[in-house]
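A structural walkthrough
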Amino acid sequence: MKLSMTDEQFALIYNRRVDMVYRVCFMLLKNAADAEDAVQTVFIKLMQSGTSFADHEHEKAWLIRTARNHCLNVLSHWWRRKRVSMDGLAEPAAGLGDDARELWRLVLDMPAKYKTVVYLYYYEGYTAREIADTKIIN
């Protein structure tokens, strides 16, 4: 295992980005338990990667891409395909009004390739050019 960042550096990144990573994971996995597991995995990957970031945008892009790729792997796993769907139980983001909650549900129902772009643009504030330049979307 590579460790190129200190515990303090990791804690700063974690505190700065954990909510964003959770939202990305929840958006793709559609349930809190799987999203929480995915967040843990993403930050373990960060600790093990030895990655050093050029700036905060590089850090943000790396975490979003890693979270997205991990969630897509989870979704394609054979065990997940054999389970009964629980999409109807997806919880909306806490504290949203009725209109925002309905909009969140519509975003969750979009195909993954559109959902990620819409989320990054409207919820994380990326521009279309930034989304394309960071190659977050395959």
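Parameters at a glance
Every chain begins its residue count from 1, and numbering advances along the sequence as written. Under the rules for a predicted model, residues below a pLDDT of 70 receive no local features and side-chain atom pairs below 80 are neither given nor counted, while totals for whole chains, interfaces and linings still include all residues. Side-chain calculation: all heavy atoms of the structure are included, whereas hydrogens and water are not. Segments assigned H or I by DSSP are reported as helices when at least four residues long, segments assigned E as strands when at least two residues long, and all are numbered from the N terminus. When accessible area is computed with a 1.4 Å probe and restricted to protein chains, residues below 20% of their type maximum are described as buried, those above 50% as exposed, and intermediate ones as partly exposed. Residue contacts are defined here by distance: any two heavy atoms, one from each residue, within 4.5 Å place the two residues in contact. Each accessible area value is a Shrake-Rupley result obtained with a 1.4 Å probe; residue values ignore everything except the protein chains displayed when judging cover. Interaxial angles span 0 to 180 degrees and are taken between N-to-C directions of axes, which are lines fitted to C-alpha atoms, for helices over the stretch in contact. For classification purposes, an angle smaller than 35 degrees is called roughly parallel, one larger than 145 roughly antiparallel, one from 65 to 115 roughly perpendicular, and anything else oblique. Whether a crossing is left-handed or right-handed is set by the direction in which the near helix is turned from the far one by less than a right angle, anticlockwise for left-handed and clockwise for right-handed. Throughout this entry, Asp, Glu, Lys and Arg are counted as charged residues, while Ala, Val, Leu, Ile, Met, Phe, Trp, Tyr, Cys and Pro are counted as nonpolar. The remaining residues, Gly among them, count as polar. Throughout this description, the term nonpolar core refers to a set of buried Ala, Val, Leu, Ile, Met, Phe, Trp, Tyr and Cys residues connected via side-chain atoms within 4.5 Å. Patches here are clusters of residues that have more than 30% relative accessible area and form no salt bridge, with a 9 Å joining cutoff for like charges and a 5 Å cutoff for nonpolar side chains (Val, Leu, Ile, Met, Phe, Trp, Tyr). Each reported salt bridge corresponds to a side-chain nitrogen of Lys or Arg within 4 Å of a carboxyl oxygen of Asp or Glu. A 3.5 Å cut-off defines polar contacts: any pair of N or O atoms within that distance qualifies, except that in protein one atom must be a possible hydrogen donor and the other a possible acceptor, and neighbouring residues in sequence count only when both atoms are side-chain atoms. Between the first and last residue of a helix there are one fewer steps than residues, each counted as 1.5 Å, and that sum is the expected span.

When you go through the protein residue by residue, the secondary structure sums to seven helices and zero strands. The N-to-C order of helical and strand elements in the protein reads α-α-α-α-α-α-α. Counting across all 138 residues of the protein, residues that qualify as buried make up 36%. For the protein, long-range pairs separated by at least 24 residues make up 63% of all intrachain contacts whose partners lie at least 6 apart in sequence. Total accessible area on the protein stands at roughly 8,600 Å², and carbon and sulfur atoms take up 55% of it.

The subject of this paragraph is the packing of helix α1 (residues 7-29) against helix α6 (residues 112-123). Between α1 and α6, the shortest axis-to-axis distance is 10 Å and the interhelical angle comes to 150°. As the angle between them shows, α1 and α6 are arranged roughly antiparallel. Seen from above, α1 lies across α6 with right-handed handedness. Between α1, through Met20, Arg23, Val24, Met27 and Leu28, and α6, the contact on the second element is made entirely by Ala112, Lys115, Thr116 and Tyr119. When grouped by side-chain class, the residues that make up the contact of α1 with α6 number six nonpolar, one polar and two charged.

This part is about the nonpolar core. Core analysis: the largest hydrophobic core is formed by 33 residues, its most contacted members being Val21, Cys25, Phe43, Leu46 and Leu63. Elements with a contribution of two residues or more to this core: α1, α2 (32-49), α3 (56-76), α5 (98-108) and α6. A per-element tally of this core places α1 first, with 11 residues. Those residues in contact with leucine 46 that lie beyond four places of it in its chain are Met5, Phe10, Ile13, Phe53, Trp62 and Leu63.

Okay, a nonpolar patch on the surface next. A cluster of nonpolar side chains, namely Leu103, Leu106, Tyr121, Tyr122 and Tyr123, defines an oily patch on the protein surface of about 550 Å² accessible area. Secondary structure elements with two or more residues in the nonpolar patch: α5 and α6. By residue number, the principal contributor to the nonpolar patch is α6, which donates three residues.

On to the side chain of lysine 30, then. Mapped onto the elements, lysine 30 comes out in the loop between α1 and α2. Exposure remark for lysine 30: the relative accessible area of 14% places this residue in the buried category. Reaching out from lysine 30, the side chain makes a polar contact with the backbone oxygen of leucine 108 at a distance of 2.9 Å.

Another aspect to go through is the packing of α1 against α2. Packing of α1 against α2 brings their axes to within 8 Å, and their N-to-C directions diverge by 140°. The pairing of α1 with α2 is recorded here as oblique in orientation. For the crossing formed where α1 meets α2, the hand is right-handed. Only Ala32, Asp34, Ala35, Glu36, Ala38, Val39, Val42, Phe43, Leu46 and Met47 of α2 make contact with α1, whose side of the interface consists of Phe10, Ile13, Tyr14, Arg17, Val18, Val21, Tyr22, Cys25, Phe26 and Leu29.

Glancing now at the environment of proline 111. Position of proline 111 among the secondary structure elements: in the loop between α5 and α6. Taking C-alpha positions, proline 111 is 9.5 Å from leucine 28, a pair spaced 83 residues apart along the chain.

Next up on the list: α3. Helix length check: α3 (21 residues) gives 30 Å between terminal C-alpha atoms against 30 Å at 1.5 Å per residue, within 8%. Taken together, the buried positions of α3 are occupied by Glu59, Lys60, Ala61, Trp62, Leu63, Ile64, Thr66, Ala67, Arg68, His70 and Cys71. Between a side-chain oxygen at the N-terminus of α3 and the backbone nitrogen of glutamate 57 the separation is 3.1 Å; the capping residue is aspartate 55.

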